[in-house]
Amino acid sequence: MTWATHYIARLSAGEPVTFRPRGTSMRPKIESGALVRLRPLLADEPRVGDIVLCSIGRADYLHLVTDVEIGRYQIGNNHGRTNGWTTRDHIFGRVVEV
């Protein structure tokens, strides 16, 4: 169970979620403790530049899609660090409001 387990379950059930993430990896796009609203992905999402809730290995991230290749998505923070690649079935929602 991770910090995102509850939000992932709700997004996977088709529900939007709101929460206040902590940390500085997405500053200044998302400040620590800012209220964010996410909704489940649409058919044509995600795209480069979207902020998504996703899993890579055992870690969950609220980070940017930095590159897209056929069948996979590169995830990174707002400071140039890359977390790795994941598939669409491990991307649960997209930020629609901060």
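Not measured: the values here are computed from a predicted model.

Let us now look at the environment of Val-95. Summarising the element assignment, Val-95 is placed in strand 7 (residues 91–97). Taking C-alpha positions, Val-95 is 18 Å from Ala-59, a pair spaced 36 residues apart along the chain. Aside from chain neighbours lying at most four places away, what touches Val-95 is Arg-37, Leu-38, Ile-51 and Leu-62.

The residue Asn-77 is located in the loop between strand 5 (72–76) and strand 6 (82–86) in this model. Classification of Asn-77 as buried rests on a relative accessible area of 12%. Engagement of the side chain of Asn-77 in a polar contact is seen with the backbone nitrogen of His-79, the distance being 2.8 Å.

Taken as a whole, the largest pocket spans an internal volume of roughly 210 Å³. Forming the boundary of the largest pocket are 16 residues, of which Pro-21, Arg-22, Gly-23, Ser-25 and Leu-62 lie nearest the centre. It is strand 4 (residues 59–69) that contributes the most residues to the lining of the largest pocket, four residues altogether.

Ordered in space as 1-2-7-3-4-5-6, the seven strands form an open sheet in which the pairing is antiparallel. With one partner strand each, in any of the chains shown, strand 1 (17–19) and strand 6 form the two edges of the open sheet. For this sheet, the mean inter-axis angle between neighbouring strands, taken without regard to orientation, is 40°. Looking at chain direction, strand 3 (residues 51–56) and strand 7 are connected through three bridges and run antiparallel. In the sheet register, Cys-54 faces strand 7, and the bridge partner there is Ile-91.

Let us look at the pattern of salt bridges. Applying the stated rule across the entire model yields eight salt bridges. As a salt-bridge pair, Arg-39 and Glu-45 come within 2.9 Å of each other at their nearest N and O atoms. Note on Arg-39: relative accessible area 21%, which makes it partly exposed. Residues joined in a network through salt bridges with shared partners are Arg-39, Glu-45, Asp-50 and Arg-94.

Another point: the packing of aromatic side chains. Under the criterion given, the structure shown has two aromatic pairs. Three or more aromatic residues joined by ring pairs make a cluster, and in this case those are Trp-3, Tyr-7 and Phe-19. Over the aromatic face of Trp-85 sits the side chain of Arg-72, whose NZ or CZ is 4.0 Å from the ring centroid.

Conventions used here
- Residues numbered from 1 in each chain as written.
- Predicted model: local features only at pLDDT ≥ 70, side-chain atom pairs only at ≥ 80, totals over all residues.
- Heavy atoms only, no water.
- Helix = DSSP H or I, 4+ residues; strand = E, 2+ residues; numbered from the N terminus.
- Contact = heavy atoms within 4.5 Å.
- Buried < 20%, exposed > 50% of the residue type's maximum accessible area, 1.4 Å probe, protein only.
- Polar contact = N/O pair within 3.5 Å; in protein donor to acceptor, adjacent residues only side chain to side chain.
- 1 Å grid on protein atoms, 1.4 Å probe; cavity = no way out; pocket = protein on both sides within 12 Å on 5 of 7 lines; lining within 4 Å.
- Points joined across faces, edges and corners; volume = space filled by probe spheres on them.
- Pairing = 2+ DSSP bridges.
- Axes fitted to C-alpha atoms, helices over the stretch in contact; angles between N-to-C directions.
- Salt bridge = Lys/Arg side-chain N within 4 Å of Asp/Glu carboxyl O.
- Phe/Tyr/Trp six-rings, centres within 6.5 Å; stacked < 30°, edge-to-face > 60°.
- Lys NZ or Arg CZ within 6 Å of the ring centre and 35° of its normal.

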